[in-house]
Amino acid sequence: MNARPRVRVLLPLPLADAYDYRVPAGLEVVPGDIVLVPLGKREELGVVWDGAADPALPERKLRDIVGRLDAPAMTGSLRRFVDWVAQYTLSPPGAVLRMALSSPSALEPQPLQPGWTLAEPPEAARLTESRRRVLALLAPGAVVAGTALAEAAGVSAGVVRGLADAGFLRPAPLPRGRAFAYPAPDHPGPALAEDQRAAAETLRASVAARGFAVTLLTGVTGSGKTEVYFEAVAEALRAGRQALVLLPEIALSAQWLDRFRARFGVAPALWHSELTSRTRRVTWRAVAEGEAKVLVGARSALFLPFPDLGLIVVDEEHETAFKQEEGVVYHARDMAVVRARLAAASCILVSATPSLETLTNAETGRYAHVHLAQRHGGAAMPDVAALDLRRHPPERGRFLSPPLIEAVAATFARGEQAMLFLNRRGYAPMTLCRTCGHRMQCPNCSTWLVEHRAQRRLQCHHCGHSEAPPETCPKCDAPHSLVPIGPGVERVLEEAIALWPDARRLVMASDTIPGPAAAAEAARAISAREVDLLIGTQIMAKGWHFPHLTLVGVVDADLGLAGGDLRAAERTIQLLHQVAGRAGRESARGSVLLQSFSPEHPVMQALVSGDLDGFMRAESAQRRPGHWPPFGRLAALIVSSEEERAADRTARDLGAAAPHGDGVQVLGPAPAPLALLRGRHRRRLLLKTRRDIAVQPLLREWLARVTVPNAVRVQVDVDPVGFL
Ligand SMILES: Nc1ncnc2c1ncn2[C@@H]1O[C@H](COP(=O)(O)OP(=O)(O)OP(=O)(O)O)[C@@H](O)[C@H]1O
Ligand SMILES: [Zn+2]
């Protein structure tokens, strides 16, 4: 008897590799097929993977595939993407596959909705009036849902059931409707201005070419980048292909969705963590069947099974939110470029403040570059000024300086809106004992507890620990001695209430605007001028378009510069420029005031002069000689354990086994800035190499030289963005 064929099956589990299985008689499978296989005593879903099974494996060790699922097979381009991400991030391929099979119920046969169809021609004489009305609705062969029949005939559900019992109707599955209406590429949208049209033409051509290409779309805030890349989406639709748009904060993108509907007539499919499991299932399936034509989502949307992806747009490409820091650690912007290459699709990276990585790729010609130099509709860029807090100190215990207070009052007097920006939730970032100097710290993390006065809690923003503010100092027992240090948005709100008791205020932070509905309502209220003063964190910085907002006051412009990691200056300028860009987007001129203790800092200078290009050139000149990214490569190892000594020991072992050589350097081990996080002690090592050296083989060999005990976890972060 001939041996049955063997195939490799990748399981969505953190295993080192695919497993071999035997294909039973009567079944034929090809790579990409979704199958059910035995694993221990269980059955697991898996995907028939590429490559040959091991012929040396003895027959008795092999088990049979249970069966193939009636689900769309995984495309070759997605399988290659899974492999690529796994090898780049040093993750088990099954852990990456898990992200691509994120809605397992979508793989099962989809339930058919029951309906009714005519069983035999009705004999009018034997029918009541209401029964006749129901039957009159059904053409021969048509299937209609019971509830719809009853409603259309104006009868109770009992009448329909009665007709079935009497043999006039028989059950039949409803034809499956489309889950998502098709966006219409030629639906009349806003007419583009001349420069927008030229930019859109370039993007459209890159999609029409049906090959891999990356284009950077930059443009000042309010120049209409969204409307311009919509034309590329339209082109993908015309070509019959799918388009994926990644947004950093999809749950807060109400205005973006409105604009999409205005341009294409219908809403796009959505993908983010807050979808119900039913919506996930329907959406996953609609993507796999090519029914969902345009999907807008968070980074995990990259792993959806698009059969024919023509375009990926990464909006706000500089955003650090695209970096996933847990599990498979990957940067969605970078992986979007890879996904596009493997799918022979066009990729558009969009930002008013692109990352140095992307800018450098545009400069070297790897990416094409399209720029919009003007705001749409003749709006001017805002005036930006730095307010020296040493010369204009706020009153004791206050945080707004007199010139900013005046500017806000003047804005209200003109009937316009003002925004106070502070990237800090809660009331105060630290609570201190006036008597002994004790600071309230999280028991699980090396961070201060943040006071949330409205909830009367001290909270850790890392692990969620929360406690009531104590009456007496936990260290020295002094009563009423604990005082808040520094401001959060709640404290700015308190000051604003004292200054402008009549102003209508809205606080926008992730805890006050928890989801899409709240964000949409906030946007509506602001646009309808039901709000005078906005106070908010970074969730207010991007994308929003509020026609009557003319003043932006940055309460603490120096905030992001502390700590001084590699990208602190770059990130600060990006964030503050984005916030500044919310001012004066229509007819009235906007102005921006940056409260700072160091207005001479290059970041403040660049924001004031508007010369971001100059700033990025200087930044690049600083990073180049030391081979810092993007002119060199970095990978971090984060060693963590609940036992401090175990973490130290493994970190030391890794340090001793570190690779070295020309153009290779290892920094550390050193305690991480967050040396304790969620009860785990953390140590970091950083591998830095020249750009022409691949870090993955070095990392693999390095890790293989060290035995890591069970109590210790070593997380690999290739191209780290955060250094905490
Ligand atoms: N051609 C156009 N016709 C009508 N309205 C337009 C046009 N172009 C842009 N707009 C409008 O101008 C505003 C700014 O556009 P958009 O938000 O796309 O700019 P942006 O470049 O993405 O800005 P930011 O970087 O600040 O988010 C939006 O309200 C948009 O609908
Ligand atoms: Zn904590």
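Residues numbered from 1 in each chain as written. Chains lettered and ligands numbered in written order. Predicted model: local features only at pLDDT ≥ 70, side-chain atom pairs only at ≥ 80, totals over all residues.

### Examining the overall build of the protein
Counting its secondary structure elements, the protein contains 19 helices and 31 strands. Over its C-alpha trace the protein gives a radius of gyration of 30 Å, about what one expects of a compact globule, namely 27 Å for 724 residues. A principal-axis box enclosing the C-alpha atoms of the protein has dimensions of 90 × 70 × 60 Å. When burial is assessed residue by residue, the protein has 45% of its 724 residues classed as buried. The long-range share in the protein, meaning contacts at least 24 apart out of those at least 6 apart in sequence, stands at 74%. (Helix = DSSP H or I, 4+ residues; strand = E, 2+ residues; numbered from the N terminus. Rg over C-alpha atoms; globule rule 2.2 N^0.38 Å. Buried ≥ 20, exposed ≤ 12 C-beta atoms within 10 Å, placed from the backbone. Contact = placed C-beta atoms within 7 Å.)

### Observations concerning the site of ligand 1
What surrounds ligand 1 is a group of 19 residues, the closest being Pro190, Thr221, Gly224, Lys225 and Thr226. Take the shell around ligand 1: its biggest share by element is three residues, from helix H7 (residues 225-238). In terms of residue class, the shell around ligand 1 is built from five nonpolar, eleven polar and three charged. (Near = placed C-beta within 6 Å. Nonpolar A, V, L, I, M, F, W, Y, C, P; charged D, E, K, R; others polar.)

### Section: the UniProt feature "binding site: Zn(2+) 2" (unreviewed entry) in the protein
Mapped onto this numbering, the UniProt entry annotates "binding site: Zn(2+) 2" (unreviewed entry) at Cys442, Cys445, Cys460 and Cys463. Spatial clustering of the annotated residues is evident: they stretch over 22 residues in sequence, but the largest pairwise C-alpha distance comes to 8.7 Å. Relative to the assigned elements, cysteine 442 resides in the loop between strand S19 (430-433) and strand S20 (450-452). A count of 24 C-beta atoms within 10 Å places cysteine 442 in the buried class. Contact partners of cysteine 442, with chain neighbours within four places excluded, come to Thr447, Leu449, Cys460, Cys463 and His465. (UniProt positions renumbered as here; feature names shortened; annotations may be inferred.)

### With respect to the environment of leucine 342
Tracing the backbone shows leucine 342 in helix H10 (residues 332-342). For leucine 342, a count of 19 C-beta atoms within 10 Å corresponds to the partly exposed category. With 310 residues separating them along the chain, leucine 342 and glycine 32 place their C-alpha atoms 15 Å apart. Apart from the residues within four sequence positions on either side, leucine 342 is in contact with Ser77, Arg80 and Phe81.

### Observations regarding unusual backbone geometry
Proline 630 follows proline 629 through a cis peptide bond whose omega is 5°. Tracing the sequence through the fold places proline 630 in the loop between helix H17 (612-623) and strand S28 (632-641). Of note, the bond from glycine 668 into proline 669 is cis; its omega dihedral lies within 30 degrees of zero at 10°. Although it is not a glycine, alanine 344 sits at a positive phi angle of roughly 50°.

### Some details on the sheet that holds strand S24 (residues 505-508)
Strand order in the open sheet formed by six strands is S17-S27-S26-S18-S25-S24, with parallel pairing between adjacent strands. The open sheet has two edge strands with one neighbour each: strand S17 (383-388) and S24. Going from strand to strand, the sheet's axes swing by 20° on average, the running direction of each strand aside. With four bridges joining them, strand S18 (residues 417-421) and strand S25 (residues 533-536) adopt parallel strand pairing. Bridging from a neighbouring strand, phenylalanine 421 pairs with glycine 536 of S25. Most of the contacts of helix H15 (residues 568-580) go to strand S26 (residues 549-554), to which it runs at about 150°, and overall it touches S17, S18, S26 and strand S27 (591-596). (Pairing = 2+ DSSP bridges. Axes fitted to C-alpha atoms, helices over the stretch in contact; angles between N-to-C directions.)

### Thoughts on the nonpolar core
Val9 and Leu594 are the most contacted members of the largest nonpolar core, which has 176 residues in total. If one sorts the elements of this core by residue count, H7 sits on top with eight residues. If sequence neighbours within four positions are ignored, leucine 594 has contacts with Val384, Ala386, Leu387, Val554, Ala557, Leu576, Met604 and Leu607. (Core = buried A, V, L, I, M, F, W, Y, C linked by C-beta atoms within 7 Å.)

### Focus on the UniProt feature "domain: Helicase ATP-binding" (unreviewed entry) in the protein
UniProt's feature table lists "domain: Helicase ATP-binding" (unreviewed entry) at residues 206-372, given in the numbering used throughout. Span residues 206-372 is 35% helix and 25% strand, its end C-alpha atoms 17 Å apart.

### Looking at the environment of alanine 236
Locating alanine 236 in the fold gives a position in helix H7. By C-beta crowding, alanine 236 is classed as buried, having 27 other C-beta atoms within 10 Å. Along the primary structure alanine 236 and histidine 272 are separated by 36 residues, whereas in three dimensions their C-alpha atoms are 22 Å apart. Not counting chain neighbours up to four residues away, the residues in contact with alanine 236 comprise Val207, Arg241, Gln242, Ala243, Gly310 and Leu311.

### Considering helix H12 (residues 402-413)
An ideal rise of 1.5 Å per residue puts 16 Å on twelve residues; H12 measures up with 16 Å between its terminal C-alpha atoms. Considered for burial, the residues of H12 that qualify are Leu404, Ala407, Val408 and Thr411. The buried residues of H12 occupy one face: seen down the axis, they fall within an arc of 100°. Turned more than 90 degrees away from the buried face of H12 sit Glu406 and Ala413, all of them exposed. Glycine 415, located one to two residues past H12, shows a positive phi value of around 80°. (Expected span 1.5 Å × (residues − 1). Arc of directions from axis to C-beta.)

### Looking at the sheet that holds strand S2 (residues 19-22)
Within a sheet, adjacent strands bond to each other through the backbone by hydrogen bonds, running parallel or antiparallel. With respect to topology, five strands assemble into an open sheet ordered S2-S1-S4-S3-S5, the strand pairing being antiparallel. Edge positions in the open sheet fall to S2 and strand S5 (67-68), since each of these has one partner strand only. Here four bridges tie strand S1 (residues 6-10) to S2, and the two strands are oriented antiparallel to one another. Opposite arginine 8, over in S2, you have aspartate 20 as the bridge partner.

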